[in-house]
Amino acid sequence: CPPCDPGQPELVYDGLESLCGRMPCPWVLEAGSAASAATFHAGARGMTLDAGARVTRPLAGIPLALDGVAPAVHLLVSCDRGATLRIHFDARESGTSVVVSGETRAGIGAGEAVIQSTVVTLSAPGVTAPTTLLLDRWILEVTGVGACTVDELRILDGSEIRCDG
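Rules behind the numbers
- Residues numbered from 1 in each chain as written.
- Predicted model: local features only at pLDDT ≥ 70, side-chain atom pairs only at ≥ 80, totals over all residues.
- Heavy atoms only, no water.
- Helix = DSSP H or I, 4+ residues; strand = E, 2+ residues; numbered from the N terminus.
- Buried < 20%, exposed > 50% of the residue type's maximum accessible area, 1.4 Å probe, protein only.
- Contact = heavy atoms within 4.5 Å.
- Areas by Shrake-Rupley, 256 points an atom, 1.4 Å probe, with all protein chains shown as cover.
- Pairing = 2+ DSSP bridges.
- Axes fitted to C-alpha atoms, helices over the stretch in contact; angles between N-to-C directions.
- Disulfide = S-S within 2.5 Å.
- Salt bridge = Lys/Arg side-chain N within 4 Å of Asp/Glu carboxyl O.

Digging into the overall build of the protein chain
Right, on to step 1. The number of helices and strands found in the protein chain is zero helices and 13 strands.
Right, on to step 2. The order of α-helices and β-strands along the protein chain, N terminus first, is β-β-β-β-β-β-β-β-β-β-β-β-β.
Right, on to step 3. Burial status across the protein chain gives 45% buried among its 165 residues.
Right, on to step 4. A separation of at least 24 residues holds for 75% of the contacts in the protein chain among residues at least 6 apart in sequence.
Right, on to step 5. Counting only carbon and sulfur atoms, one obtains 52% of the accessible surface of the protein chain, whose full area is about 8,200 Å².

With respect to the sheet that holds strand E10 (residues 96-104)
Right, on to step 1. Pairing is antiparallel across the open sheet formed by five strands, whose spatial order is E4-E7-E12-E9-E10. The outermost strands of the open sheet, each flanked by one partner alone, are strand E4 (28-31) and E10. Here the average twist between neighbouring strands, direction ignored, is 35°.
Right, on to step 2. Examined bridge by bridge, strand E7 (residues 54-66) and strand E12 (residues 131-144) share ten bridges and lie antiparallel to one another. Within E12, the residue paired with Leu-64 across the bridge is Leu-133.

Details of the state of the cysteines
Right, on to step 1. A full pass over the atoms with the stated rule returns two disulfides.
Right, on to step 2. Each sulfur of the disulfide joining Cys-20 and Cys-25 lies 1.8 Å from the other. Here Cys-20 and Cys-25 share a disulfide; its torsion about the S-S bond, 110°, makes the bridge right-handed.
Right, on to step 3. Judged by its relative accessible area of 46%, Cys-20 falls in the partly exposed class.
Right, on to step 4. You can call Cys-25 buried: its relative accessible area is 17%.
Right, on to step 5. There is a disulfide in this structure between Cys-79 and Cys-148, and the S-S distance comes to 2.1 Å. Where Cys-79 bonds to Cys-148 through sulfur, the torsion about that S-S bond is close to 110°, and the disulfide is right-handed.

Description of unusual backbone geometry
Glycine aside, a negative phi is what most residues show, and trans is what most peptide bonds show.
Right, on to step 1. For the bond from Cys-25 to Pro-26, the omega torsion is -10°, close enough to zero to count as cis.
Right, on to step 2. Tracing the chain through its elements places Pro-26 in the loop between strand E3 (23-24) and E4.
Right, on to step 3. Its identity as a non-glycine residue notwithstanding, Leu-16 has a phi of 60°, on the positive side.
Right, on to step 4. Within the element layout of this structure, Leu-16 appears in the loop between strand E1 (10-14) and strand E2 (19-20).
Right, on to step 5. Take Leu-16: its relative accessible area is 1%, and that puts it in the buried class.
Right, on to step 6. The phi angle at Glu-152 is positive, at roughly 50°, despite the residue not being glycine.
Right, on to step 7. Within the fold, Glu-152 resides in strand E13 (residues 147-156).

A word on the pattern of salt bridges
Right, on to step 1. One pass over the structure, following the stated rule, counts nine salt bridges.
Right, on to step 2. Glu-30 is the salt-bridge partner of Arg-54, the closest N and O atoms lying 3.0 Å from each other. Residue Arg-54 is found in strand E7, and its partner Glu-30 is found in strand E4; the two are separated by 24 residues along the sequence.
Right, on to step 3. Classification of Arg-54 by relative accessible area gives partly exposed; the value is 24%.
Right, on to step 4. Look at the salt bridges and you will find they share partners, linking Glu-30, Arg-54, Asp-90, Arg-137 and Glu-141 into a network.

The following block contains the structure:
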């Protein structure tokens, strides 16, 4: 048997490395200014979103379990003082539209921005667990003043892997 790795299952990993014009594939700029950007990883790419930017990524009905553990997005992020990164998902539950969301101001500091490993807990108001939502679209937007740079986005399921022994 392989060793057990307790925690939350990873549903989607997006390293933001592939480019489609100025944006990481398959992200689409809907408002404001955003583009692929260098990050602290040598040779790696991320994405910088300026205040007012809104980018989206199709997800094609990826199932997200809500089963006792809050679903989350794990990311590397740095936001300027005054900027907030909002994370939303357009989702469905039994054919009904649902919004799943969370936000962070991680990486705020005096002087140079520091990219931090951050977990943003997601909530789905009006949804009763246990259930499974189907994620159709991932939305990132920056509000306030300044920009946020993100890298290595991961969607973590709302279920938990438990190990026996």
